[in-house]
Amino acid sequence: MKWLWHKVRVLFATRFAEMAEYRAEIVIWMLSGTLSIVMMLVWMAQAQSRPDGTVNGYAPAEFATYFISTWFVAQLLVVWVAWELDIEIRQGLLSPKLLRPMDPMWHHYASHVAERLVRILPMLALLGLMTWFSGARFSGELWVYPAVLGLSVLGFTARFLWEYTIGLLAFWTESNTSFQELVWLVYAALGGMFAPLSFYPTWVQDIARWTPFPYMLGLPAQLLAGKATSEQAWQGAGVLLVWLVIFWFLRAAVWRAGLRKYGAVGA
Amino acid sequence: MRRHLRLMRIFIGATVSAQLEYRANFLGAVLASLGEAGVALLGISLLFSQPGVQGVGGWTYREALLVTGFFMLTEGFISVFVQPNMSKIAETIRTGNMDFTLLKPVDAQFNVSTRHLNVLRFPDILIGLGLLLYASAGLTVTVGGVLTAAVLYLSALVIVYCIWLGLSTTAFWFVKTQNVSELFNGVFGAARFPVSAFPVPVRFVLTFVVPVAFITTVPAQAVTGQISAPMALASPLVALVLCLLTRLLWRKAVASYTSASS
């Protein structure tokens, strides 16, 4: 047990040191994720132009709260592992990593978690700034915040695993990053980055219910906006957990199949 | 001029034949194009599918689709012509290969801007044109409007090229600028909606600070004939000013270039 703890600590400390090197880039990457903000501004203007000042029961301030929350959660869920695997597999950089007595996945996972720590301070500063400008109001109930954190951890891990699986497709195809772009579209759409899920046609909502996406973006945002109940939070956590297990086994299967293929080329 | 055209033909031939080697990549590029189109269309469709919504910022659905069409077209232009070249500038500076470019008896800015091409993203351009045709089929469009739009869109492309070149030129000083494209895309994402769909202060920023409005909204306005004379004149003017500024910046950057080893 102590041995495992030591391993985790060293892995994490080295990844953190590496990510701290990239702090300027991390801020730039953060600033480039503007889709939520663009949608927020458009919906706010749209609500303001209506005679009653709301669209579907959302006033401008409520749109602000919802979209700033999706922005924040989406920032916590950022995963770039598919892109890295693409390079590692095609250039053979994976080979030395296979010699280590640890699945290379943990290496990447630790990098992502460490990056969150570097990201969190500028994120909070931007959050404060945007809240101030837009008049967003977040939920006053304290249980909401640990719930959002928990859902974000589950959501991030699920997303990490599916992105990892897509990244592993590099064993077979050269265009895995475009698959990743398509999956991102589904994630952003069903997650509720364009609008709260209740704005979608009902048949889309019915499909979305069975996917992990609404529970990783939309649900935490609704919790922060004070528009979701604790029951919904538990239910969402349950669905995410089921998907996490599915992605876990999927990744393991693709990894094993991919390694056989990788060895076969003689790389 | 003829020499430059001939060079461009050679450059294009070389990159196209290099890229068509990897046919599997084509599928991936098509998927990526569809993804881009999906993001652009989804946002606009959701806005208009809300009960009681007639228009967004004074634009009807078809008119707003024009903006989306220009947006896709510009994304295509960027991925086919601009990004493949600009992303290489930083790399050639870091590795010292810029030396060879500067030594060649062609204008260096022309060389770095036209050398590469990503033909695989050509579907983006087709999707953009398709959207434009579909949108204008439901609108009353005049020949004059289309011609004005074409001219204004040309200056829009010049604006895009200049902003991108300006950002990439900073690589001469900062070396690491691969993230410039990320930053540009972040701001450019706002161009998928008409500027009037944004709150007033943001509209101001998108027109005068980062001239995103001139890239998609202004040409779309020209198609529908709703453009005001000052906006129509401002667009080529902004393009011209940006051209001069980036040219100056480029000259300054090249003058301060000291190769990779020194």
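Calculation notes
Residues numbered from 1 in each chain as written. Chains lettered and ligands numbered in written order. Predicted model: local features only at pLDDT ≥ 70, side-chain atom pairs only at ≥ 80, totals over all residues. Heavy atoms only, no water. Helix = DSSP H or I, 4+ residues; strand = E, 2+ residues; numbered from the N terminus. Rg over C-alpha atoms; globule rule 2.2 N^0.38 Å. Buried < 20%, exposed > 50% of the residue type's maximum accessible area, 1.4 Å probe, protein only. Areas by Shrake-Rupley, 256 points an atom, 1.4 Å probe, with all protein chains shown as cover. Expected span 1.5 Å × (residues − 1). Polar contact = N/O pair within 3.5 Å; in protein donor to acceptor, adjacent residues only side chain to side chain. Contact = heavy atoms within 4.5 Å. UniProt positions renumbered as here; feature names shortened; annotations may be inferred. Buried area = accessible area lost by both parts, 1.4 Å probe. Nonpolar A, V, L, I, M, F, W, Y, C, P; charged D, E, K, R; others polar. Patch = residues over 30% accessible without salt bridge, like charges linked within 9 Å, V, L, I, M, F, W, Y side chains within 5 Å. Salt bridge = Lys/Arg side-chain N within 4 Å of Asp/Glu carboxyl O. Disulfide = S-S within 2.5 Å. Axes fitted to C-alpha atoms, helices over the stretch in contact; angles between N-to-C directions. Parallel < 35°, antiparallel > 145°, perpendicular 65-115°, else oblique. Left-handed = near helix turned anticlockwise from the far one by under 90°.

Within an unreviewed UniProt entry, the label attached to chain B reads Putative ABC transporter, permease component, and the organism entered is Deinococcus deserti.

Per an unreviewed UniProt entry, chain A carries the name Putative ABC transporter, permease component and comes from Deinococcus deserti.

Asker: Give a description of the overall build of chain A that names residues and reports values.
Answerer: The number of helices and strands found in chain A is 13 helices and zero strands. Listing each helix as α and each strand as β along chain A from the N terminus yields α-α-α-α-α-α-α-α-α-α-α-α-α. Compactness check: chain A gives a C-alpha radius of gyration of 20 Å against a globular reference of 18 Å for 267 residues, within 12% of the reference. Based on the C-alpha atoms only, the size of chain A along its principal axes is roughly 70 × 40 × 35 Å. Taken across its 267 residues, chain A has 53% of its residues classed as buried. Carbon together with sulfur atoms contributes 70% to the accessible area of chain A, which is approximately 12700 Å² in total.

Asker: Give a detailed account of helix α3 (residues 61–95) of chain B, specifying residues and quantitative values.
Answerer: All names here are of chain B. The first and last C-alpha atoms of α3 sit 49 Å apart over 35 residues, in line with the 51 Å expected at 1.5 Å per residue. Within α3, 25 of the 35 residues are buried, which leaves it mostly tucked inside the rest of the structure. A positive phi of about 85 degrees marks Gly 96, the residue just after α3.

Asker: Can you tell me about the side chain of Ser 79 of chain B, naming the residues and giving the values?
Answerer: All names here are of chain B. Within the secondary structure, Ser 79 is located in helix α3. For Ser 79, a relative accessible area of 10% corresponds to the buried category. In terms of polar contacts, Ser 79 uses its side chain to reach the backbone carbonyl oxygen of Glu 75, at 2.5 Å. Ignoring anything within four residues of it in the chain, the contact list for Ser 79 reads Pro 84, Asn 118, Arg 121 and Asp 124.

Asker: Can you tell me about the UniProt feature "transmembrane region" (unreviewed entry) in chain A, naming the residues and giving the values?
Answerer: All names here are of chain A. Summarizing the sequence annotation, UniProt attributes the feature "transmembrane region" (unreviewed entry) to residues 26–43, 63–83, 117–136, 142–162, 182–203 and 233–254 in the numbering used throughout. Here residues 26–43 is 89% helix and 0% strand, with 28 Å between the C-alpha atoms at its ends. In the segment residues 142–162, helix accounts for 90% and strand for 0%; the C-alpha atoms at its two ends are 31 Å apart.

Asker: Run through the interface of chain B and chain A, naming residues and quoting values.
Answerer: Taken together, the contact between chain B and chain A spans 36 residues of the former and 31 residues of the latter. For the pair chain B and chain A, the summed buried surface comes to about 2800 Å²; carbon and sulfur atoms form 69% of the total. Counting across the interface, chain B meets chain A through five residue pairs in polar contact (both at pLDDT 80 or more). Of all the elements in the fold, those that place two or more residues in the side of chain B that touches chain A are α2 (24–48) and α9 (180–188) of chain B. In terms of residue count, α2 of chain B provides more of the side of chain B that touches chain A than any other element does, 14 residues in total. A class-by-class count of the residues in the side of chain B that touches chain A yields 19 nonpolar, 13 polar and four charged.

Asker: Could you give an account of a nonpolar patch on the surface, with specific residues and numbers?
Answerer: Residue and element names in this part refer to chain A. On the surface, Met 1, Trp 3, Leu 4, Trp 5 and Val 8 cluster together into a nonpolar patch covering about 660 Å² of accessible area. By the secondary structure assignment, Leu 4 is in helix α1 (residues 2–21). Judged by its relative accessible area of 40%, Leu 4 falls in the partly exposed class.

Asker: Give a detailed account of the state of the cysteines, specifying residues and quantitative values.
Answerer: With the rule as written, the count across this model stands at zero disulfides over all chains. Cysteine Cys 243 of chain B shares no disulfide, and the gap to the nearest cysteine sulfur, in Cys 162 of chain B, comes to 3.7 Å.

Asker: Before we move on, could you go through the pattern of salt bridges and cite the residues and values that matter?
Answerer: Residues and elements named next belong to chain A. Per the stated rule, a full pass over the model turns up twelve salt bridges over all chains. The residue Lys 227 makes a salt bridge to Glu 62 at a minimum N-O spacing of 3.4 Å. A residue pair is termed long-range when its members are at least 10 positions apart, and Lys 227 in the loop between α12 (218–224) and α13 (230–265) and Glu 62 in helix α4 (residues 60–76) qualify at 165 residues. Since its relative accessible area comes to 35%, Lys 227 is described here as partly exposed. The salt bridge involving Arg 159 is made with Glu 163; its shortest N-O contact spans 3.6 Å. In this pair, Arg 159 and Glu 163 both sit in helix α8 (residues 144–168), four residues apart, roughly one turn of the helix.

Asker: Lay out the side chain of Thr 131 of chain A in plain terms, naming residues and giving numbers.
Answerer: With respect to the helices, strands and loops of the structure, Thr 131 of chain A is situated in helix α7 (residues 104–134). Those residues in contact with Thr 131 of chain A that lie beyond four places of it in its chain are Ile 68, Ala 136 and Phe 138 of chain A.

Asker: Tell me about the packing of α3 of chain B against helix α7 (residues 143–169) of chain B, residues and numbers included.
Answerer: Residues and elements named next belong to chain B. Where α3 contacts α7, the two axes come as close as 10 Å, and the packing angle between them is 30 degrees. Of the possible angle classes, the one that applies to α3 and α7 is roughly parallel. Of the two possible hands of crossing, α3 and α7 adopt the one that is right-handed. Facing Phe 70, Leu 73, Thr 74, Phe 77, Ile 78, Val 82, Gln 83, Met 86 and Ile 89 of α3, the residues of α7 in contact are Tyr 153, Leu 157, Val 160, Tyr 161, Trp 164, Leu 165 and Ser 168. Taken together, the residues of the contact of α3 with α7 break down into 13 nonpolar, three polar and no charged.

Asker: Before we move on, can you summarise the UniProt feature "transmembrane region" (unreviewed entry) in chain B with the specific residues and values?
Answerer: Residues and elements named next belong to chain B. According to UniProt, the "transmembrane region" (unreviewed entry) feature falls on residues 26–48, 64–82, 125–147, 153–175, 195–215 and 227–250. Summarising residues 125–147: 78% helix, 0% strand, and an end-to-end C-alpha distance of 19 Å. Across residues 195–215 one finds 62% helix and 0% strand; the C-alpha atoms that close the span lie 10 Å apart.

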